[in-house]
Amino acid sequence: MILVTGAAGQLGSDLVDGLVARHGGSAVLATDLRCCDQLKRSGADTASLDVTDADAVRMMIQDGVFEQVYHLAGILSARGEKQPDLCWTVNVDGLKNVLNAVRDTRTRVFWPSSIAVFGPATPRHRTPQVTVKDPSTMYGVAKASGELLCDYHASKFGVDVRSIRYPGIISSSVPPGGGTTDFAVDMFVEAVKSGQYTCFVRETTRLPMMYGPDAVKAALDLMDASPSRITIRTSYNLTAFSFSAEELAEAIASRVPGFVCEYEPDFRQAIADTWPEVIDDSKAREDWGWHPEYDITAMVDDMLSHLVDPASSHV
Ligand code: VAH
(Lines give C-alpha, C1' and ligand atoms only; values in the text may rest on other atoms or scores of the structure.)
Protein backbone atom coordinates (compact mmCIF):
# COMPACT_ATOMS: atom_id res chain seq x y z
CA MET A 1 0.00 0.00 0.00
CA ILE A 2 1.10 3.56 -0.77
CA LEU A 3 -0.04 6.60 1.22
CA VAL A 4 -0.16 10.09 -0.30
CA THR A 5 -0.72 13.16 1.87
CA GLY A 6 -1.64 16.47 0.25
CA ALA A 7 -3.07 14.40 -2.61
CA ALA A 8 -5.38 17.19 -3.84
CA GLY A 9 -2.53 19.64 -4.39
CA GLN A 10 -0.61 20.55 -7.56
CA LEU A 11 2.00 17.76 -7.31
CA GLY A 12 -0.32 15.42 -5.41
CA SER A 13 -2.99 15.31 -8.13
CA ASP A 14 -0.53 14.37 -10.86
CA LEU A 15 1.37 11.98 -8.58
CA VAL A 16 -1.76 10.04 -7.55
CA ASP A 17 -2.69 9.65 -11.22
CA GLY A 18 0.81 8.26 -11.87
CA LEU A 19 0.70 5.90 -8.89
CA VAL A 20 -2.79 4.61 -9.78
CA ALA A 21 -1.67 4.04 -13.39
CA ARG A 22 1.42 2.13 -12.18
CA HIS A 23 0.01 0.20 -9.17
CA GLY A 24 -3.82 0.28 -9.46
CA GLY A 25 -6.30 2.33 -7.44
CA SER A 26 -6.66 -0.16 -4.58
CA ALA A 27 -2.92 0.09 -3.85
CA VAL A 28 -3.06 3.85 -3.23
CA LEU A 29 -4.65 5.76 -0.33
CA ALA A 30 -4.99 9.43 -1.36
CA THR A 31 -5.48 11.77 1.60
CA ASP A 32 -5.85 15.48 2.14
CA LEU A 33 -7.17 17.77 4.84
CA ARG A 34 -10.64 17.33 3.38
CA CYS A 35 -11.87 14.62 1.07
CA CYS A 36 -12.79 16.52 -2.09
CA ASP A 37 -13.98 15.79 -5.62
CA GLN A 38 -10.37 16.09 -6.83
CA LEU A 39 -9.49 13.07 -4.67
CA LYS A 40 -12.58 11.09 -5.57
CA ARG A 41 -11.81 11.46 -9.28
CA SER A 42 -8.37 9.89 -8.78
CA GLY A 43 -9.54 6.26 -8.73
CA ALA A 44 -7.53 5.72 -5.53
CA ASP A 45 -8.98 4.97 -2.10
CA THR A 46 -9.47 8.25 -0.24
CA ALA A 47 -9.50 9.53 3.35
CA SER A 48 -9.08 12.84 5.16
CA LEU A 49 -5.86 13.30 7.14
CA ASP A 50 -4.61 16.38 9.04
CA VAL A 51 -0.82 15.96 9.04
CA THR A 52 -0.50 18.42 11.95
CA ASP A 53 -2.38 15.90 14.14
CA ALA A 54 0.44 13.66 15.42
CA ASP A 55 -1.92 11.02 16.79
CA ALA A 56 -3.87 10.80 13.52
CA VAL A 57 -0.63 10.44 11.53
CA ARG A 58 0.69 7.77 13.88
CA MET A 59 -2.60 5.84 13.76
CA MET A 60 -2.55 6.01 9.95
CA ILE A 61 1.09 4.94 9.44
CA GLN A 62 1.85 2.69 12.42
CA ASP A 63 2.75 -0.98 11.97
CA GLY A 64 4.29 -0.26 8.58
CA VAL A 65 1.03 -0.92 6.75
CA PHE A 66 2.38 1.32 3.97
CA GLU A 67 5.47 0.34 1.99
CA GLN A 68 5.74 3.93 0.76
CA VAL A 69 4.53 7.34 1.96
CA TYR A 70 4.56 10.37 -0.38
CA HIS A 71 4.26 13.22 2.12
CA LEU A 72 3.23 16.18 -0.03
CA ALA A 73 0.97 18.15 2.34
CA GLY A 74 2.31 21.70 2.60
CA ILE A 75 1.76 25.43 2.27
CA LEU A 76 3.45 27.11 -0.73
CA SER A 77 5.63 30.24 -0.66
CA ALA A 78 3.24 33.12 -1.30
CA ARG A 79 0.55 31.81 1.07
CA GLY A 80 3.29 31.01 3.57
CA GLU A 81 4.30 34.68 3.70
CA LYS A 82 0.72 35.63 4.53
CA GLN A 83 0.35 32.83 7.12
CA PRO A 84 3.90 32.10 8.41
CA ASP A 85 2.84 30.27 11.59
CA LEU A 86 0.53 27.94 9.66
CA CYS A 87 3.30 27.43 7.09
CA TRP A 88 5.72 26.27 9.82
CA THR A 89 3.15 24.06 11.53
CA VAL A 90 2.04 22.26 8.37
CA ASN A 91 5.40 22.10 6.59
CA VAL A 92 7.70 21.25 9.53
CA ASP A 93 5.54 19.77 12.30
CA GLY A 94 3.62 17.79 9.67
CA LEU A 95 6.85 16.34 8.27
CA LYS A 96 8.17 15.52 11.74
CA ASN A 97 4.90 13.71 12.55
CA VAL A 98 5.39 11.51 9.48
CA LEU A 99 9.09 10.85 10.18
CA ASN A 100 8.35 9.99 13.82
CA ALA A 101 5.58 7.60 12.76
CA VAL A 102 7.81 5.65 10.33
CA ARG A 103 10.87 5.46 12.65
CA ASP A 104 10.32 1.82 13.65
CA THR A 105 9.06 0.62 10.27
CA ARG A 106 10.67 -0.10 6.89
CA THR A 107 8.41 2.43 5.19
CA ARG A 108 10.13 4.45 2.43
CA VAL A 109 9.23 8.18 2.50
CA PHE A 110 9.22 10.81 -0.26
CA TRP A 111 9.10 14.49 0.68
CA PRO A 112 9.26 17.49 -1.69
CA SER A 113 11.66 20.26 -0.82
CA SER A 114 12.11 23.31 -3.03
CA ILE A 115 14.62 25.68 -4.58
CA ALA A 116 13.12 28.08 -2.02
CA VAL A 117 15.77 26.78 0.43
CA PHE A 118 18.19 29.03 -1.45
CA GLY A 119 18.43 32.76 -0.78
CA PRO A 120 20.20 36.04 -1.65
CA ALA A 121 23.72 34.73 -0.89
CA THR A 122 23.25 31.56 -2.96
CA PRO A 123 24.96 31.50 -6.40
CA ARG A 124 22.05 32.06 -8.79
CA HIS A 125 23.53 30.51 -11.93
CA ARG A 126 24.05 26.74 -11.90
CA THR A 127 23.29 26.60 -8.19
CA PRO A 128 25.37 23.71 -6.76
CA GLN A 129 23.98 20.77 -4.79
CA VAL A 130 25.97 21.86 -1.73
CA THR A 131 26.07 25.64 -1.26
CA VAL A 132 24.93 28.54 0.89
CA LYS A 133 21.26 28.32 1.86
CA ASP A 134 19.88 31.54 3.37
CA PRO A 135 16.14 31.44 2.62
CA SER A 136 14.24 34.68 3.24
CA THR A 137 10.71 33.24 3.26
CA MET A 138 9.01 31.15 5.94
CA TYR A 139 8.36 28.58 3.21
CA GLY A 140 12.09 28.40 2.47
CA VAL A 141 13.03 28.33 6.17
CA ALA A 142 10.56 25.47 6.67
CA LYS A 143 11.90 23.55 3.67
CA ALA A 144 15.52 24.02 4.78
CA SER A 145 14.57 22.81 8.28
CA GLY A 146 12.68 19.88 6.78
CA GLU A 147 15.75 18.82 4.78
CA LEU A 148 17.79 18.70 7.99
CA LEU A 149 15.02 16.67 9.68
CA CYS A 150 15.12 14.17 6.81
CA ASP A 151 18.91 13.86 6.97
CA TYR A 152 18.79 13.45 10.78
CA HIS A 153 16.13 10.72 10.66
CA ALA A 154 18.05 8.91 7.91
CA SER A 155 21.34 8.91 9.83
CA LYS A 156 20.00 8.58 13.40
CA PHE A 157 17.09 6.16 12.88
CA GLY A 158 17.82 4.63 9.47
CA VAL A 159 14.62 6.06 7.96
CA ASP A 160 14.73 5.64 4.16
CA VAL A 161 13.50 9.17 3.37
CA ARG A 162 14.21 10.70 -0.06
CA SER A 163 13.65 14.25 -1.22
CA ILE A 164 13.78 16.53 -4.27
CA ARG A 165 14.28 20.31 -4.31
CA TYR A 166 11.61 21.02 -6.91
CA PRO A 167 11.75 24.11 -9.13
CA GLY A 168 8.49 25.68 -10.19
CA ILE A 169 6.07 22.97 -11.32
CA ILE A 170 3.77 23.67 -14.26
CA SER A 171 0.61 21.56 -14.36
CA SER A 172 -2.86 21.77 -15.84
CA SER A 173 -4.39 19.37 -13.31
CA VAL A 174 -5.40 21.79 -10.54
CA PRO A 175 -5.71 25.60 -10.25
CA PRO A 176 -2.58 27.43 -8.94
CA GLY A 177 -2.29 27.08 -5.15
CA GLY A 178 -0.38 30.03 -3.72
CA GLY A 179 3.05 29.53 -5.25
CA THR A 180 5.29 32.29 -6.52
CA THR A 181 6.10 30.28 -9.66
CA ASP A 182 2.37 29.98 -10.32
CA PHE A 183 2.61 33.02 -12.58
CA ALA A 184 3.52 30.47 -15.24
CA VAL A 185 0.38 28.38 -14.67
CA ASP A 186 -1.79 31.50 -14.40
CA MET A 187 -0.39 32.76 -17.72
CA PHE A 188 -1.42 29.59 -19.54
CA VAL A 189 -4.89 29.58 -17.98
CA GLU A 190 -5.59 33.23 -18.81
CA ALA A 191 -4.15 32.94 -22.33
CA VAL A 192 -6.74 30.24 -23.11
CA LYS A 193 -9.58 31.83 -21.11
CA SER A 194 -9.26 35.56 -21.90
CA GLY A 195 -6.29 36.06 -24.22
CA GLN A 196 -4.61 38.41 -21.80
CA TYR A 197 -2.70 38.17 -18.50
CA THR A 198 -1.27 40.62 -15.98
CA CYS A 199 1.84 38.92 -14.62
CA PHE A 200 2.77 39.46 -10.95
CA VAL A 201 6.54 39.32 -11.60
CA ARG A 202 8.73 41.41 -13.92
CA GLU A 203 9.20 40.22 -17.51
CA THR A 204 12.90 39.57 -16.90
CA THR A 205 12.27 37.26 -13.90
CA ARG A 206 13.98 33.97 -14.78
CA LEU A 207 13.30 30.86 -12.69
CA PRO A 208 13.96 27.10 -12.90
CA MET A 209 10.86 25.14 -13.86
CA MET A 210 9.64 21.70 -14.87
CA TYR A 211 6.48 20.14 -16.24
CA GLY A 212 4.09 18.21 -13.97
CA PRO A 213 4.56 14.80 -15.62
CA ASP A 214 8.34 15.14 -15.20
CA ALA A 215 7.89 16.13 -11.54
CA VAL A 216 5.95 12.89 -11.02
CA LYS A 217 8.50 10.85 -13.00
CA ALA A 218 11.32 12.21 -10.84
CA ALA A 219 9.53 11.28 -7.60
CA LEU A 220 8.75 7.74 -8.84
CA ASP A 221 12.28 7.24 -10.21
CA LEU A 222 13.86 8.43 -6.95
CA MET A 223 11.60 6.18 -4.88
CA ASP A 224 12.33 3.17 -7.11
CA ALA A 225 16.12 3.66 -6.95
CA SER A 226 18.21 1.21 -4.93
CA PRO A 227 19.09 2.65 -1.48
CA SER A 228 22.78 2.23 -2.34
CA ARG A 229 22.43 4.89 -5.07
CA ILE A 230 21.02 7.54 -2.72
CA THR A 231 23.96 9.64 -1.52
CA ILE A 232 21.96 12.76 -0.60
CA ARG A 233 19.56 12.53 2.35
CA THR A 234 18.79 16.25 2.64
CA SER A 235 17.31 16.85 -0.82
CA TYR A 236 18.39 16.57 -4.46
CA ASN A 237 18.65 19.63 -6.72
CA LEU A 238 16.43 19.08 -9.75
CA THR A 239 15.32 21.03 -12.79
CA ALA A 240 14.31 20.66 -16.44
CA PHE A 241 14.64 24.17 -17.89
CA SER A 242 14.60 27.86 -16.96
CA PHE A 243 12.70 30.68 -18.60
CA SER A 244 11.84 34.32 -18.00
CA ALA A 245 8.24 35.47 -17.76
CA GLU A 246 8.54 37.26 -21.11
CA GLU A 247 10.06 34.19 -22.81
CA LEU A 248 7.06 32.15 -21.66
CA ALA A 249 4.67 34.87 -22.83
CA GLU A 250 6.33 34.88 -26.26
CA ALA A 251 6.12 31.07 -26.51
CA ILE A 252 2.40 31.16 -25.64
CA ALA A 253 1.69 34.12 -27.99
CA SER A 254 3.27 32.17 -30.86
CA ARG A 255 0.56 29.53 -30.34
CA VAL A 256 -2.35 31.67 -29.07
CA PRO A 257 -2.86 34.47 -31.63
CA GLY A 258 -3.48 37.85 -30.01
CA PHE A 259 -2.35 36.82 -26.51
CA VAL A 260 -1.10 39.89 -24.62
CA CYS A 261 0.85 39.80 -21.35
CA GLU A 262 1.38 42.85 -19.12
CA TYR A 263 3.55 43.02 -16.00
CA GLU A 264 2.61 44.42 -12.57
CA PRO A 265 5.03 43.01 -9.96
CA ASP A 266 3.58 42.50 -6.48
CA PHE A 267 4.96 41.12 -3.16
CA ARG A 268 5.90 37.89 -4.90
CA GLN A 269 8.62 39.69 -6.89
CA ALA A 270 10.69 40.00 -3.72
CA ILE A 271 10.37 36.23 -3.20
CA ALA A 272 11.33 35.37 -6.78
CA ASP A 273 14.35 37.70 -6.59
CA THR A 274 15.91 35.53 -3.84
CA TRP A 275 15.69 32.29 -5.83
CA PRO A 276 18.19 30.83 -8.34
CA GLU A 277 17.82 31.29 -12.08
CA VAL A 278 19.48 28.02 -13.19
CA ILE A 279 20.01 24.87 -11.09
CA ASP A 280 22.86 22.33 -11.30
CA ASP A 281 21.10 18.95 -10.92
CA SER A 282 24.07 16.79 -11.97
CA LYS A 283 24.02 14.86 -8.68
CA ALA A 284 20.47 13.59 -9.33
CA ARG A 285 21.50 12.63 -12.87
CA GLU A 286 24.58 10.76 -11.60
CA ASP A 287 23.00 9.02 -8.59
CA TRP A 288 19.64 7.82 -9.92
CA GLY A 289 19.55 8.67 -13.63
CA TRP A 290 17.34 11.77 -13.60
CA HIS A 291 16.56 13.21 -17.02
CA PRO A 292 13.51 15.28 -18.02
CA GLU A 293 11.22 14.15 -20.85
CA TYR A 294 9.81 17.64 -21.52
CA ASP A 295 11.69 20.70 -22.75
CA ILE A 296 10.02 24.14 -22.88
CA THR A 297 8.52 23.59 -26.35
CA ALA A 298 7.01 20.19 -25.46
CA MET A 299 5.68 21.58 -22.17
CA VAL A 300 4.00 24.61 -23.82
CA ASP A 301 2.39 22.44 -26.50
CA ASP A 302 1.15 19.86 -23.95
CA MET A 303 -0.13 22.45 -21.45
CA LEU A 304 -2.12 24.27 -24.12
CA SER A 305 -3.52 21.01 -25.50
CA HIS A 306 -4.76 20.02 -22.01
CA LEU A 307 -6.20 23.45 -21.21
CA VAL A 308 -8.03 23.55 -24.52
CA ASP A 309 -9.14 19.88 -24.22
CA PRO A 310 -9.20 18.91 -20.49
CA ALA A 311 -10.45 15.43 -21.35
CA SER A 312 -7.03 14.52 -22.72
CA SER A 313 -4.70 12.93 -20.18
CA HIS A 314 -0.94 12.48 -20.07
CA VAL A 315 -0.62 9.46 -17.72
C1 VAH B 1 6.19 27.99 -4.91
N2 VAH B 1 5.75 26.32 -6.62
O3 VAH B 1 6.18 28.84 -5.80
C4 VAH B 1 6.39 26.53 -5.33
C5 VAH B 1 7.86 26.17 -5.46
C6 VAH B 1 10.12 26.87 -6.28
C7 VAH B 1 8.74 27.31 -5.95
O8 VAH B 1 8.36 25.64 -4.30
O9 VAH B 1 6.02 28.25 -3.75
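Everything here concerns the structure above.
Everything quoted here is computed from the prediction, not taken from an experiment.

(A) Quick look at the packing of aromatic side chains. Throughout the structure, instances matching the rule amount to 7 aromatic pairs. For the pair Y70 and F110, a centre-to-centre distance of 5.7 Å together with 45° between the ring planes defines the contact as tilted. Pair noted here: Y70 is in strand 4 (residues 68-71) and F110 is in strand 5 (residues 108-114), with a separation of 40 residues, a long-range link. Owing to a relative accessible area of 1%, Y70 belongs among the buried residues under this scheme. Centre to centre, the rings of F110 and Y166 are 6.3 Å apart; their planes meet at 65°, and the pair counts as edge-to-face. Residue F110 is located in strand 5, and its partner Y166 is located in strand 7 (residues 160-166); the two are separated by 56 residues in the primary sequence. Note on accessibility: F110 and Y166 belong to one class, buried. Taken together, the ring pairs connect Y70, F110 and Y166 into an aromatic cluster. In this arrangement the basic side chain of R268 is found over the ring face of F200, its NZ or CZ atom lying 3.5 Å from the centre.

(B) The arrangement of the site of the ligand in detail. The environment of the ligand is formed by L76, S77, S114, I115, Y139, Y166, P167, G168, G179, T180, T181 and W275. Taking Y139, its side chain carries an N or O atom lying 2.6 Å from an oxygen atom of the ligand. Measuring from an oxygen atom of the ligand, one finds a backbone N or O atom of T180 at 2.7 Å. Relative to its free-state accessible area of 280 Å², the ligand is covered by the protein chains to the extent of 97%. Its atoms largely coinciding with the cavity grid, the ligand occupies the largest pocket. Of the residues contributing to the shell around the ligand, the split by class is 6 nonpolar, 6 polar and no charged.

(C) Expanded view of unusual backbone geometry. A positive phi angle is found at R126, which is not glycine, with a value near 55°. Within the fold, R126 resides in strand 6 (residues 125-127). The exposure class assigned to R126 is partly exposed, which follows from its relative accessible area of 45%.

(D) Expanded view of the pairing of strand 5. Counted residue by residue, strand 5 has 7 buried out of 7 residues, so it is predominantly covered. Residues R108, F110, P112 and S114 line one face of strand 5 and the alternating positions V109, W111 and S113 line the opposite face, and both faces are buried. Here 3 bridges tie strand 4 to strand 5, and the two strands are oriented parallel to one another. When the bridges of strand 5 are listed, Y70 appears paired with F110. Here strand 5 runs beside strand 7; their pairing, made up of 7 bridges, is parallel. Within strand 7, the residue paired with S113 across the bridge is R165.

(E) Layout of the sheet that holds strand 4. Reading across the sheet, the 7 strands line up as 3-2-1-4-5-7-11 and stay open at both edges, with parallel pairing between neighbours. Of all strands in the sheet, those bounded by a partner on one side alone are strand 3 (45-48) and strand 11 (236-237). Contacts from helix 6 (residues 138-157) reach strand 5 and strand 7, with the element oriented near 150° to strand 5. Sitting on the sheet, helix 8 (residues 212-224) touches strand 4, strand 5, strand 7 and strand 11, and the angle it makes with strand 7 is about 155°.

(F) Molecular detail of the packing of helix 5 (residues 84-102) against helix 6. Contact geometry of helix 5 with helix 6 gives a least axis separation of 9 Å together with a crossing angle of 10°. Taken together, helix 5 and helix 6 sit at an angle that is classed as roughly parallel. As helix 5 runs across helix 6, the sense of the crossing is right-handed. Counting all contacts with helix 5, which are made through P84, C87, W88, N91, V92, L95, K96, L99 and N100, the residues of helix 6 involved are M138, Y139, V141, A142, S145, G146, L149, C150 and H153. Class assignment of the residues belonging to the contact of helix 5 with helix 6 gives a composition of 12 nonpolar, 5 polar and 1 charged.

(G) Local environment of helix 1 (residues 10-23). Given a rise of 1.5 Å per residue, 14 residues ought to cover 20 Å, and the 20 Å separating the end C-alpha atoms of helix 1 matches this to within 8%. The element helix 1 is extensively covered by neighbouring structure, given that 10 of its 14 residues are classed as buried. Within helix 1 the residues assigned to the buried category are Q10, L11, G12, S13, D14, L15, V16, G18, L19 and V20. Looking one or two residues beyond helix 1, the residue adopting positive phi is G24, at roughly 95°.

What counts as what
- Residues numbered from 1 in each chain as written.
- Predicted model: local features only at pLDDT ≥ 70, side-chain atom pairs only at ≥ 80, totals over all residues.
- Heavy atoms only, no water.
- Phe/Tyr/Trp six-rings, centres within 6.5 Å; stacked < 30°, edge-to-face > 60°.
- Helix = DSSP H or I, 4+ residues; strand = E, 2+ residues; numbered from the N terminus.
- Buried < 20%, exposed > 50% of the residue type's maximum accessible area, 1.4 Å probe, protein only.
- Lys NZ or Arg CZ within 6 Å of the ring centre and 35° of its normal.
- Near = heavy atom within 4 Å.
- Polar contact = N/O pair within 3.5 Å; in protein donor to acceptor, adjacent residues only side chain to side chain.
- Areas by Shrake-Rupley, 256 points an atom, 1.4 Å probe, with all protein chains shown as cover.
- 1 Å grid on protein atoms, 1.4 Å probe; cavity = no way out; pocket = protein on both sides within 12 Å on 5 of 7 lines; lining within 4 Å.
- Sits in = over half its atoms within 2 Å of the grid points.
- Nonpolar A, V, L, I, M, F, W, Y, C, P; charged D, E, K, R; others polar.
- Pairing = 2+ DSSP bridges.
- Contact = heavy atoms within 4.5 Å.
- Axes fitted to C-alpha atoms, helices over the stretch in contact; angles between N-to-C directions.
- Parallel < 35°, antiparallel > 145°, perpendicular 65-115°, else oblique.
- Left-handed = near helix turned anticlockwise from the far one by under 90°.
- Expected span 1.5 Å × (residues − 1).

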